[in-house]
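Structural description and commentary
This is what each chain is made of:
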Amino acid sequence: MNYFLSSRLVALLVLLGLVTTLRAQYPYLADLSHPNAIEAEWVDNTYASLNLDQRLGQLFMIRAHSNLGADHIAEVESLIRNQQVGGLCFFQGNIRQQLRLTNRYQNLSRIPLMISMDAEWGLGMRLDNTISFPRQLALGAIQDNRLIYDMGKEIARQLRRLGVHISFSPVLDVNNNPNNPIINTRSFGEDRYQVTVKSYNYMRGLQDHGVMASAKHFPGHGDTDTDSHSDLPIIRHDLNRLDSIELYPFKALVRYGVGSFMIAHLNVPALDERENRPTTLSSPVVTDLLRRRMQFNGLIFTDAMEMEGVTKHFGPGEAEAEALAAGCDILLLPRDVVKAIDAIKAYLEDGRISPEQIEASVKRILLAKYRLGLHNYSSQSAESLEEAINTPEALSLKSSLFEAALTLVRDEQGLLPLVPLNDPPLACLSISGNTESPFLDRLQDFGNLQKLSSPKAPSEAQITAILDQLQEGQQVIVPLFSDGSRFREPVAISGQLQQLLERLDEHVRLLVVHFGNPYSMGPLDKLQTVLCAYSSDPLAQDAAAQAIFGVTGVNGRLPVTASSVSTFNDGVSYGATYRLGFADPSRVGMRLDTLQELINELANEAMRVRATPGMVVLVAREGRIVFEQAYGHHTYARRRLVKADDLYDLASVTKVAATTLAIMRLYEQGHVDLDAPLVTYLPELEGSNKADRTLRDMLAHHAGLRSWIPFYVNTLSPNSSIARPSQDWYRNEAGGDYLVPVTERLFMHQEYIDSMWHQIRESPLPNLNQYYYSDLGFYLMAEIVNRLSAMPLDEYVEEHFYRPLGIQELVYRPLERFSKSRIPPTERDDYFRKQTVHGYVHDMGAAMLGGVSGHAGLFGRAHDLAIVFQMLLQDGFYGGRQYLKAETIRLFTQRYPGETRRGLGFDMKQLNPNRNMNMSKMASERAFGHLGFTGTCAWADPEEELVFIFLSNRTYPTMRNNRLGNLNFRPRAFTAAYRAMSRRNELQLFIEDHLPATLE
């Protein structure tokens, strides 16, 4: 045996050896032959109270639907009343109706019914509007088997809530036949060790949480090319092969406590030489092999007795009697219960079935019912049923499973994870005109996307046209989706499509994402980079899109040999690059309902009291955006709805999202000394009162500077009764020396910029030796960046931060790139510009510098601003690249000596209870960020790995309206994020919302 097999075998034995104590803790899992005294008394008394017909009724589990109407319900009720059947197996319908019928049927039955379902991938296998977890073949790719245990646990929780006691899962079949029409994606794969370990984890997840598992389809349905629903498959392997492959997982789960088995309708000559004898009706298989040799003492179910694999050769009643004679305990889905009971009685009379055998089976069934809690049966409530079943946590688990299953089959180009590019943009080629999908939607969250499409069988001319639209070496993604069939889910790839893909692979950096059964990947064998996602489920699409950009790593391995070049256990791993992604709040310990309720209420209140016409709120935690919502309109005229990707004037958030970042980088490169006098970098300050001020003091607002200078006042006409921009300094059109764009219809003379710098130089220092918030230091720092880097501040942060971070829409002068329709206006200016400020910076001083300054001027959408703060939370690392050193970030985000609020550049939580509170009181003392005058804020809390963004244009129509600040909407919205954290102490939820006014 080679090392690979040996190591897997050792791992399997170690894993299984850890669970031997479970047999004592969960006795029904392993053995129904040894009840304790209390159990035995209930079983014996119950059995003694039954007549023969009632005892025989316990052996039947009949079909039940919740969507077939009154006639079907009456039929089920008749069988419960008259034949006193012991159990039901539910199929299609919906959860509310199924629960209602379960309670109704249970009330009709003298002995509580044992309820079962096929729930291999959860309730979604049978019921509408419920969760379908990944098929077992996808789970076979997962390397962390704890996730499979978690899935079993969650399925058990849902089943118990619905009054279900048995899940006919997991599937233990080793699928080593790619043409298997009925097992296929229902198997964990082709490797016996993987199938065993994963089946064990799934089984244990179910049974640890009160649902009996069922190992199926014994003795192994994996190597067939016939569907036993329509015919009797034949397995022609000898005993050695059966023992080493097919039987291997079943033998292991017998040892480690599986509660029941389901016998398949197979013909296996090596086990029973009788022609056309299904294993379900075979005593050598059920009794000799499973009961005696394998020493299984749990329940034995037949597979459905209505399937052609058994009915083709045996009549109604006869088949059921033969199955019972073979050693089965429960006859699942009999064709005719009355005929079956008559046949069983005939077998009893002529000795083909003994009374002792009936007694043993019925008592096993009764003991199982006792251990499943049916001796104390009570009906389930339907209150909040849908919410109880389809929880955010369950959907989060489903996402985690799809993420963990992703398999990078090969990546010969080293293409993944992708780095978002703007020029040329990432291209996505959709097949058959399917240009809208959850996959494409998510890709677009990471950058510009060029959308192309192709038919399923493109002509030569169409192939050429597609190639002509792409640049050499461009990154191109082609998603291929399955046909959605129930068990096989193949991806159809025509010869023409295969030719297109291979030609693309020669000219571009091609990634093909295969959303389906890996057995259909053969036509992709010549391609260099292939990612297998196993399913076209929307959550699988979302998981693939995020993994492509490194939000998560990829670690899956092929569970089967998909083709001659894509073989079992193939897969390339890569780790997460820590790019900001997306997730349901439950994934990061938060509750979506709490977030929505609290923030929606605050947003509606803010708009109702006209604190702002609209806003965008974003919450991210642990590297995932969990809430991003737009509210209201651009203006109170309500003509344009706010969208989440609208660009807002960030005002003073510019100080940290641009200027401070630039200073941090220059600092760690040794270009600036935080304690050197300013005259070192700005010689023209020689002789001024600012010459000896330092960057450290200015960043912390301890340089004594004035708060601001109203530069515009001296440019207004002094000879008009209404102050207007003076013709000496302004023109309505650009020309000559009037080139500084203040707004779209106001251009300032360039010389006045010198006057602004002179006013800053000569301004007094009225606040020496104390904290006083000032914009002026950031004017000076922007100029320092310009001189030390030989490029303007906006270009510097674009080149060194925004573009490599993948940020698309965090910009100065946004109208140079974006439509005004995406930018809410900031004010109807009646004091300076005499027009609506829209797409130009609201701050007067920044506007007079042409829109670029260190204290204001930046516009952006919430998502891109969150990226900046996520990078800072991650110690300067983002998307696989280190932007700033961790020690630099720690230096700038710690408080200035003696200061209760300010770091270097960054605002921090106010620690002085007598001062204005700037953020949520629930934030940690390490939280940092900044407020913006226009009604914005951006905060990051390292203690909770939390990013909070609030964007609004509260200054519209007038900046004199400060209801947003006076009523503390931003701190209260920030508090909502903490309240949504499910692990927060409940006492913290009562912290007062009405905080003192904030300070911009």
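Values in this document were obtained by computation on a predicted structure and should not be read as measured data. (Residues numbered from 1 in each chain as written. Predicted model: local features only at pLDDT ≥ 70, side-chain atom pairs only at ≥ 80, totals over all residues. Heavy atoms only, no water.)

1. Concerning the overall build of the protein
Broken down by element type, the protein carries 34 helices and 33 strands. A separation of at least 24 residues holds for 72% of the contacts in the protein among residues at least 6 apart in sequence. Counting every atom, the protein has about 36400 Å² of accessible surface; 47% of that belongs to carbon and sulfur. (Helix = DSSP H or I, 4+ residues; strand = E, 2+ residues; numbered from the N terminus. Contact = heavy atoms within 4.5 Å. Areas by Shrake-Rupley, 256 points an atom, 1.4 Å probe, with all protein chains shown as cover.)

2. Concerning the sheet that holds strand E21 (residues 730-731)
Taken in spatial order, the 3 strands line up as E21-E23-E22 in an open sheet, and their pairing is antiparallel. Edge strands, defined here as strands with exactly one partner in the open sheet, are E21 and strand E22 (738-743). Of the strand pairs in this sheet, E21 and strand E23 (residues 746-749) are connected by 2 bridges, and their pairing is antiparallel. Residue pairing across strands places Tyr 730 opposite Met 748, the latter belonging to E23. With respect to the sheet, helix H27 (residues 751-762) is in contact with E22 and E23, its orientation differing from that of E23 by roughly 70°. (Pairing = 2+ DSSP bridges. Axes fitted to C-alpha atoms, helices over the stretch in contact; angles between N-to-C directions.)

3. Describing the confidence of the model for the protein
Considering every residue of the protein, the mean pLDDT works out to 93; 95% of them sit at 70 or more. This model gives residues 13-27 a pLDDT under 50, and the stretch forms 19 contacts once residues within four places in sequence are excluded. Low pLDDT (under 50) marks residues 985-1000, which in the prediction has 42 contacts with non-local residues, meaning those over four places away or in another chain. (pLDDT = per-residue confidence, 0-100.)

4. Considerations on the pairing of E22
Relative to E23, E22 runs antiparallel, the two being bridged by 4 bridges. When the sheet's bridge partners are listed, Val 740 is paired in E23 with Met 748. Joining the antiparallel neighbours E22 and E23 is a turn of 2 residues.

5. Regarding the nonpolar core
In this structure, Leu 88, Met 114, Phe 218, Phe 261, Ile 344, Val 478 and Leu 480 are the most contacted members of the largest nonpolar core, which totals 152 residues. At 7 residues, the largest contribution of residues to this core is made by helix H16 (residues 337-349). Setting aside residues no more than four positions away along its own chain, Leu 480 makes contact with Ile 431, Val 491, Ile 493, Leu 497, Leu 501, Val 512, Val 513, His 514, Phe 515 and Leu 524. Counting residues in each nonpolar core, the second largest holds 133 residues, with Ile 548, Val 811, Met 871 and Ile 949 among its members. (Core = buried A, V, L, I, M, F, W, Y, C linked by side-chain atoms within 4.5 Å. Buried < 20%, exposed > 50% of the residue type's maximum accessible area, 1.4 Å probe, protein only.)

6. Some details on the environment of Thr 287
As for its position among the elements, Thr 287 is in helix H13 (residues 283-293). Using a relative accessible area of 15% as the deciding quantity, one classes Thr 287 as buried. Sequence separation between Thr 287 and Gly 327 is 40 residues; the distance between their C-alpha atoms is 5.3 Å. Contacts of Thr 287, omitting those with residues within four sequence positions, involve Ser 282, Arg 292, Ala 326 and Gly 327. A distance of 2.6 Å separates the side chain of Thr 287 from the backbone oxygen of Ala 326, its partner in a polar contact. (Polar contact = N/O pair within 3.5 Å; in protein donor to acceptor, adjacent residues only side chain to side chain.)

7. Brief notes about the state of the cysteines
Taken as a whole and assessed by the stated rule, the structure comprises 0 disulfides. Not part of a disulfide, Cys 428 finds its nearest cysteine sulfur in Cys 532, a span of 17 Å. On the basis of relative accessibility, which here comes to 1%, the residue Cys 428 falls in the buried class. (Disulfide = S-S within 2.5 Å.)

8. What to know about the sheet that holds strand E10 (residues 331-332)
Pairing in this open sheet of 8 strands is parallel, and the strands run E9-E8-E7-E6-E4-E2-E1-E10 from one edge to the other. Of all strands in the sheet, those with a lone pairing partner are strand E9 (299-302) and E10, marking the two edges. Relative to strand E4 (residues 114-117), strand E2 (residues 87-90) is paired through 4 bridges, and the arrangement is parallel. Counted as the bridge partner of Cys 89 is Ser 116 from E4.

9. Some words on H13
Among the residues of H13, Val 285, Val 286, Thr 287, Leu 289, Leu 290 and Arg 291 are the ones counted as buried. Looking at the buried side of H13, the elements it contacts are strand E7 (212-218), helix H12 (248-255), strand E8 (260-263), E9, helix H15 (318-326) and helix H17 (355-371).

10. Brief notes about the pattern of salt bridges
Scanning all chains against the criterion turns up 54 salt bridges. Between Arg 442 and Asp 445 there is a salt bridge, and its shortest N-O distance comes to 2.6 Å. Ionic pairing is found between Arg 761 and Glu 762, a salt bridge with its closest N-O pair at 2.4 Å. Owing to a relative accessible area of 44%, Glu 762 belongs among the partly exposed residues under this scheme. (Salt bridge = Lys/Arg side-chain N within 4 Å of Asp/Glu carboxyl O.)

11. Section: helix H6 (residues 69-83)
In this model, H6 (15 residues) spans 21 Å end to end at C-alpha, consistent with the 21 Å of a helix rising 1.5 Å per residue. Buried residues in H6 make contact with helix H5 (52-57), strand E1 (60-64), E2, helix H7 (95-108) and H16. A positive backbone phi angle near 50° is found at Gln 84, which sits one or two residues after H6. (Expected span 1.5 Å × (residues − 1).)

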